[in-house]
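Structural overview
Each chain, written out:
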Amino acid sequence: MKGIVLAGGSGTRLYPMTQVVSKQMLPIYDKPMIYYPLSVLMMAGIREILVISTARDLPLFRELLGDGSGFGIKLDYVVQPAPNGLAEAFILGREFVGLDSCALVLGDNIFYGPDLSGFGSSAATRSQGATIFAYNVRDPERYGVVTFDAATGQPLEIVEKPKTPKSNWAITGLYFYDNDVLDIAREIRPSKRNELEITDINLAYLNRGDLHVTRLGQGYAWLDTGTPDSMHEASSFVRTIEHRQGIKIACLEEIGLTNGWLSGEQVLERVRHIGQTDYASYLMRRVRELA
């Protein structure tokens, strides 16, 4: 399975912070925002990942992340000339995905939970259809909303930003698809917002009975960091968890180490490059613990 991080857009809701830099480069507590969606793909066992962003911002992502070898992964990059919708990721990434299945995660989404890696791994190994994730929210009218059959729990309907939502289950920014998604994305047409909507892809799978929806219940957190307030809340959440539990969320080198993609010596080399920081000290501790 291949992975895609969609880190484009203009981030106008975060102006003036994003006037000269991508919002996905801004910090969420102690790491750049893009570390968090990358970590979700890595925890699902995905090592080949495409980063999609604007022509302005892509050189900074290359400088920050390199070819991915520092994390035990392989990164490629492609430009999205204009914010034409989430589904365009599969058009821009068609050559990268090739004959494989594919996962897409939005660059401003943060996920946290006790078995997130298990959910991701299960979705990544499903040979057919699509898997998306739903989260119960207070304001479902802001999102794509999925309703379920009360008896079977199967998804019945998906509506994008409904004025009168039929449920509180919002579709999150994490999607797993078989290779058919490449052709489905190529066939959909722009919506009234003049965007290629990810909802149309999900509906295509729903209509053919191939859509699986995993509900993230109590104990899981899904944070969308598109406004200053939500960025502050996300940073506070990450800080609280890390201080309370003595762990780090979305530490990419640690994930590479625990997945067996990096050796302890490779992580220590990263530590020498990072310098004397709390992040580096944490990595040294984890190398000792996992040795």
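Above this note sits the structure.
The text that follows walks through the structure, step by step, so that each part is easy to find. Since the model is a prediction, treat every value here as computed from it, not as a measurement.

For the rest of this paragraph, the subject is the overall build of the protein chain. When you go through the protein chain residue by residue, the secondary structure sums to eleven helices and 13 strands. For a compact globule of 291 residues, the expected C-alpha radius of gyration is about 19 Å, and the protein chain comes in at 19 Å, within 12% of that figure. Overall, the C-alpha framework of the protein chain stretches about 50 × 40 × 40 Å when taken along its three principal axes. Here the protein chain holds 291 residues, and the buried ones make up 52% of them.

Two residues of an α-helix separated by three or four positions point the same way, owing to the 3.6 residues in each turn. Over its 13 residues, helix α11 (residues 278-290) runs 18 Å from end to end, which matches the ideal 18 Å to within 8%, given 1.5 Å per residue. Against the buried residues of α11 lie β3 (31-32), α1 (35-43), α9 (252-258) and α10 (264-274).

This paragraph deals with the side chain of Asn202. Turning to its location among the elements, Asn202 is positioned in helix α7 (residues 198-207). The residues touching Asn202, leaving out its near neighbours within four places in the chain, are Ile132, Ile158, Ile171, Tyr175, Tyr177 and Leu211.

Further remarks concern the nonpolar core. Counting residues in each nonpolar core, the largest one holds 62 residues, and the members touching the most others are Ile34, Ile49 and Phe176. Discounting residues that sit within four places of it in the chain, Ile34 has contacts with Val5, Ala7, Gln24, Val51, Phe61, Leu64, Leu65 and Gly107. One finds Val97, Phe148, Ala185 and Leu211 within the second-largest nonpolar core, a separate group that totals 34 residues.

At a closest axis distance of 9 Å, the pairing of α10 and α11 adopts a crossing angle of 165°. Taken together, the axis directions place α10 and α11 in an arrangement best described as roughly antiparallel. The way α10 lies across α11 gives a crossing that is left-handed. Taking contact as the criterion, the partners of Gly264, Val267, Leu268, Val271 and Ile274 in α10 are, on α11, Tyr279, Ala280, Leu283, Met284 and Val287. Here the contact of α10 with α11 is built from residues that sort into nine nonpolar, one polar and no charged.

The next thing to look at is the pattern of salt bridges. This structure, assessed with the given rule, holds 24 salt bridges. One salt bridge in this structure joins Glu265 and Arg272, with 2.6 Å as the shortest N-O distance.

Moving on, we come to unusual backbone geometry. Tyr15 connects to Pro16 through a cis peptide bond whose omega is 5°. Locating Pro16 in the fold gives a position in the loop between β1 (2-6) and β2 (27-28). Residues other than glycine seldom take positive phi values, yet Ala250 does so here, at roughly 65°. Mapping Ala250 onto the fold places it in the loop between α8 (228-245) and α9.

Right, let's get into the packing of aromatic side chains. Within this structure, the stated rule accounts for ten aromatic pairs. Judged by centre distance (6.0 Å) and plane angle (70°), the rings of Tyr135 and Trp222 are edge-to-face. Taken as a pair, Tyr135 in strand β8 (residues 130-136) and Trp222 in strand β13 (residues 221-224) lie far apart in primary sequence, 87 residues in all. Here Tyr135 falls in the buried class, since its relative accessible area comes to 17%. Measuring from centroid to centroid gives 5.5 Å for Tyr177 and Tyr205, while their planes differ by 25°, and the two rings are stacked. Taken together, the positions of Tyr177 in strand β11 (residues 169-177) and Tyr205 in helix α7 put the pair 28 residues apart, joining distant regions of the chain.

Time to look at α7. Of the residues making up α7, those classed as buried are Ile198, Thr199, Ile201, Asn202, Tyr205 and Leu206. Each buried residue of α7 sits inside an arc of 160° when the element is viewed along its axis, so together they form one side. Just beyond α7, the residue with positive phi is Gly209, at close to 75°.

What counts and how
- Along each chain, the written sequence defines residue order, and numbers are assigned to residues from 1.
- With pLDDT at 70 or above as the cut-off, local features in this predicted model cover only qualifying residues; side-chain atom pairs require 80 or more to be listed or tallied, and sums for whole chains, interfaces and linings still use all residues.
- With hydrogens and water excluded, all non-hydrogen atoms of the structure serve as input to the side-chain values.
- Elements are defined by DSSP. Helices are runs of H or I of four residues or more, strands are runs of E of two residues or more, and each kind is numbered from the N terminus.
- Between the two quantities, the radius of gyration covers C-alpha atoms and the globule rule is 2.2 Å times the number of residues to the power 0.38.
- For every residue, the accessible area obtained with a 1.4 Å probe (protein chains only) is divided by the maximum for its type, and the residue is called buried under 20%, exposed over 50%, and partly exposed between those limits.
- Multiply 1.5 Å by the residue count of a helix minus one, and that product is the helix's expected span.
- Note on contacts: a residue pair is in contact if any heavy atoms of the two residues lie within 4.5 Å.
- Here, the term nonpolar core denotes a set of buried Ala, Val, Leu, Ile, Met, Phe, Trp, Tyr and Cys residues that are joined through side-chain atoms within 4.5 Å.
- Angles here are taken between N-to-C directions and fall from 0 to 180 degrees, while the axes themselves are lines fitted to C-alpha atoms, restricted in helices to the stretch in contact.
- Put simply, angles under 35 degrees are roughly parallel, angles over 145 are roughly antiparallel, angles from 65 to 115 are roughly perpendicular, and the rest are oblique.
- Crossings are classed by handedness, with left-handed meaning an anticlockwise turn of the near helix from the far one by less than a right angle and right-handed meaning a clockwise turn.
- Asp, Glu, Lys and Arg are counted as charged, while Ala, Val, Leu, Ile, Met, Phe, Trp, Tyr, Cys and Pro are counted as nonpolar; the rest, among them Gly, fall into the polar class.
- Salt bridges, as used here, are contacts in which a Lys or Arg side-chain nitrogen is within 4 Å of a carboxyl oxygen on Asp or Glu.
- Between rings of Phe, Tyr and Trp, where Trp is taken as its six-membered ring, a pair exists when centres lie within 6.5 Å; planes separated by under 30 degrees are stacked, by over 60 edge-to-face, and by other angles tilted.
- The directions considered for the arc are those from the helix axis to the C-beta atoms.

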